[in-house]
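# Structural features, examined
So the chains spell out like this:
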Amino acid sequence: MIAVLKQNVTERQIEQLTQWIKNQNVDVHLSKGKDYTILGLIGDTGRIDRELLESLEIVESVKLVSEPFKQVNRKLHPEDTIITVGSAKIGGGHFALIAGPCSVETEEQIIEVARQVKASGADILRGGAFKPRTSPYAFQGLKGEGIRLLLEAKKVTGLPIVTEIMNIRSLDLFEDVDIIQVGARNMQNFDLLQELGKTKKPILLKRGLANTLQELLMSAEYIMSEGNENVILCERGIRTFETMSRNTLDLTAVPILHELSHLPVVVDPSHATGRVGLVPPMAQAAAAAGADGIMVEVHNNPACALCDGAQSLTPAQFDEVARKVRRVREAIL
Ligand code: PEP
Ligand code: MN
C-alpha cells in the first residue's frame, strides 16, 4: 500500500503519520521526490484502515501495490534513480559506457585497456578479480591483487571501477571499489544481497541465467530492504533452447524493468551473445531500447585472454561501438 501525500505537508505531519502507521506494526519507506512525497507501507498492511488513512487531511490518495517488490517499485518512487560514481552518472537520462576485460590479468594489461577505453569515451572501467568459472580448473582471477591493479588503473585514468564480489568475506577488499557487481550466478545468494544491502556502495546486480524479471526485482528488493538504495539492474542474457549465441539477450527487459522500477538498467551484450561479432549490433540495440548504459568486455589481445576472449572487443572495435552507441542515443532523444 502507498500513501501519496499532499504537496504542502510539513516534516512534523509526515513524522506523526509515520509513527501512526508504525504503531500498527507496519514499516514505512519515505520517498521524497521533486513533485511528490510518498509513504510506502511495507509489511502486513491488512491492519491499516485504508478509508481512514485516505480521509486524513494530509493524504492525497492511497493505492494498493499488488507487486511483491515494494522499494524497487516505480509506484513508490516515480522518479528515476540516478547513481553517481565519480564523474559518471547512470539513470534518469544519463548513459554510462562500462568497458574493460573479463578478468584483470596483469598491471600492463589493465592499465593499457583502461587508457584505451577511456580515450574512446568509456565512463567506468570493468574487470574481474574474483571470477566465477564453470570449471574449478579454469583461471579463478587474481582476487585481492586484481582489485589492487584495478585501483592502479583508476589512479592512472580517473575512471571509476566495477568488479564482482563472490563472497561477503572479501568485502573489506572492496572498500575503494566504486560499484560492486553481483554476478548472474549469485543473483539469488540472499545472504550476500542482504549484507551488501547494509553497505552504501552502488551494486550492479546481474540477472541470473534462468531467472525471471520479477525474481531479479525481488533480489534488488533484498538489497534495498536493508537500506542500500543504490542498485543498478543488468540484463546479461538468459538460457534458452537457442545455441547460436551463448545466451539469448532479452531486450524486452529494458522497457519492462523501466516500467516496473525506478532503478537504472544496463545491458551486457558480451555475456549475452558470447561472440564478438554480435556485440556491436546488440550494444546499439540496447541503447535503442532505452538502456541506461552498456557493459562490454574489451581486451588488448583477445586471442590470449585468460577468460572470454571470444566475446572480447579489441580497443579499436570498442572505439567504433562507442561512436555508434552515442549516435543511437542522439537519434532516440
Ligand atoms: C562478468 O561480468 O564478468 C560475469 C561473470 O558475468 P555474468 O555474471 O553475467 O556471467
Ligand atoms: Mn566474462
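Above this note sits the structure.
Conventions used here
- Residues numbered from 1 in each chain as written.
- Chains lettered and ligands numbered in written order.
- Predicted model: local features only at pLDDT ≥ 70, side-chain atom pairs only at ≥ 80, totals over all residues.
- Heavy atoms only, no water.
- Pairing = 2+ DSSP bridges.
- Helix = DSSP H or I, 4+ residues; strand = E, 2+ residues; numbered from the N terminus.
- Axes fitted to C-alpha atoms, helices over the stretch in contact; angles between N-to-C directions.
- Contact = heavy atoms within 4.5 Å.
- Phe/Tyr/Trp six-rings, centres within 6.5 Å; stacked < 30°, edge-to-face > 60°.
- Buried < 20%, exposed > 50% of the residue type's maximum accessible area, 1.4 Å probe, protein only.
- Near = heavy atom within 4 Å.
- Polar contact = N/O pair within 3.5 Å; in protein donor to acceptor, adjacent residues only side chain to side chain.
- Nonpolar A, V, L, I, M, F, W, Y, C, P; charged D, E, K, R; others polar.
- Donors = N, O, S within 2.8 Å, 3.2 Å for Na, K, Ca; no water.
- Salt bridge = Lys/Arg side-chain N within 4 Å of Asp/Glu carboxyl O.
- Expected span 1.5 Å × (residues − 1).
- Arc of directions from axis to C-beta.
- Core = buried A, V, L, I, M, F, W, Y, C linked by side-chain atoms within 4.5 Å.

### Concerning the sheet that holds strand β3 (residues 37-42)
The 4 strands lie next to each other as β2-β3-β1-β4, forming an open sheet whose pairing is antiparallel. If you trace the sheet from one side to the other, it starts and ends with β2 (27-32) and β4 (59-63), each paired once. Ignoring strand direction, the axes of neighbouring strands in this sheet form an average angle of 20°. Note: strand β1 (residues 2-5) against β3, 4 bridges, orientation antiparallel. Note that in β3 the partner of A3 across the bridge is L39. Lying on the sheet, helix α1 (residues 11-22) is in contact with β1, β2, β3 and β4; it crosses β2 at an angle near 155°.

### As for the packing of aromatic side chains
With the rule as written, the count across this model stands at 2 aromatic pairs. Ring geometry for F130 and F174: centres 6.1 Å apart, planes at 25°, overall stacked. On the criterion of sequence distance, the pair formed by F130 in the loop between β8 (124-126) and α4 (144-157) and F174 in the loop between β9 (161-164) and β10 (179-182) is long-range, its members being 44 residues apart. The class of F174 is buried, set by a relative accessible area of 1%. Look at F190 and Y222: their rings are 4.4 Å apart centre to centre, the planes differ by 20°, and that puts the pair in the stacked class. In this pair, F190 sits in helix α5 (residues 190-197) while Y222 sits in helix α6 (residues 213-224), placing the two residues 32 residues apart along the sequence. Given the relative accessible area of 30%, F190 is considered partly exposed. Classification of Y222 as partly exposed rests on a relative accessible area of 30%.

### Focus on the site of ligand 1
Residues in contact with ligand 1, as listed here, are R126, K131, E164, Q181, G183, A184, R185, K206, R236 and H271. Within the side chain of K131, one N or O atom sits 3.0 Å away from an oxygen atom of ligand 1. Separating an oxygen atom of ligand 1 from a side-chain N or O atom of K206 is a distance of 2.8 Å. When the residues that make up the shell around ligand 1 are grouped by side-chain class, the tally is 1 nonpolar, 3 polar and 6 charged.

### Concerning the coordination of the manganese ion (ligand 2)
Of the protein atoms, only C102 (SG), H271 (NE2), E297 (OE) and D308 (OD) coordinate the manganese ion (ligand 2), at distances of 2.0 to 2.4 Å. If you list the donors of the manganese ion (ligand 2) from N- to C-terminus, the spacing comes out as C-x168-H-x25-E-x10-D. Here H271 is found in helix α8 (residues 269-273), whereas its partner D308 is found in the loop between β14 (293-297) and α10 (315-332), with 37 residues between them in sequence. Given a relative accessible area of 9%, H271 falls into the buried group.

### Observations concerning the pattern of salt bridges
Two side chains that carry opposite charge are able to pair once their charged atoms sit near each other. Taken as a whole, this structure holds 15 salt bridges when the rule is applied. A salt bridge links K154 to D178, with the nearest nitrogen and oxygen atoms 3.0 Å apart. With a gap of 24 residues between them, K154 in helix α4 and D178 in the loop between β9 and β10 connect regions that are remote in the sequence. You can call K154 partly exposed: its relative accessible area is 24%. Because the salt bridges share partners, they merge into one network encompassing R207, E235 and D250.

### Re the environment of I38
By the element assignment, I38 lies in strand β3. Of the residues examined, I38 reaches a relative accessible area of 2% and is grouped as buried. Taking the C-alpha atoms as reference points, I38 and I2, 36 residues apart in sequence, are found 6.8 Å from one another. Look past the residues within four positions of I38 in its chain and what remains in contact with it is I2, A3, V4, H29, L30, S31, K75, L76 and P78.

### Concerning α10
Taking 1.5 Å as the rise per residue, α10 with 18 residues should run 26 Å; its terminal C-alpha atoms sit 26 Å apart, in good agreement. Among the residues of α10, those classed as buried are P315, F318, V321, A322, V325, V328 and R329. For α10, the buried positions fall inside an angular range of 130° around the axis, keeping them on one side. Of the exposed residues in α10, those oriented more than 90 degrees away from the buried face are A316, R327, E330 and A331.

### Some points on helix α9 (residues 279-288)
Every buried residue of α9 is accounted for by V279, A283, A286 and A287. Projected onto a plane normal to the axis of α9, the buried residues spread over an arc of 100° and lie on a single side. Looking at the buried positions of α9, the neighbouring elements they touch are β13 (265-267), α8, β14 and α10. Backbone geometry just downstream of α9 places G290 in the positive-phi region, at approximately 100°.

### Here's the deal with the pairing of β2
In this sheet, β3 lies alongside β2 in antiparallel orientation, the contact comprising 6 bridges. Note that in β3 the partner of D27 across the bridge is I42. Here β2 folds back onto β3 in antiparallel fashion, the turn holding 4 residues.

### A short note on the nonpolar core
The nonpolar side chains of a soluble globular protein tend to be buried, and buried together. By size, the foremost hydrophobic cluster in this structure holds 63 residues, and its most contacted members are V117, L125, L205, L233, I294 and F318. Ranked by the residues each element gives to this core, the list is headed by α6, at 6 residues. Non-local contacts of L233, meaning those with residues more than four positions away in its chain, are made with L205, L216, L217, A220, L257, S261, L263, P264, V265 and V266. Within the second largest apolar cluster, 16 residues are counted, among which are A3, L5, I21 and I58.

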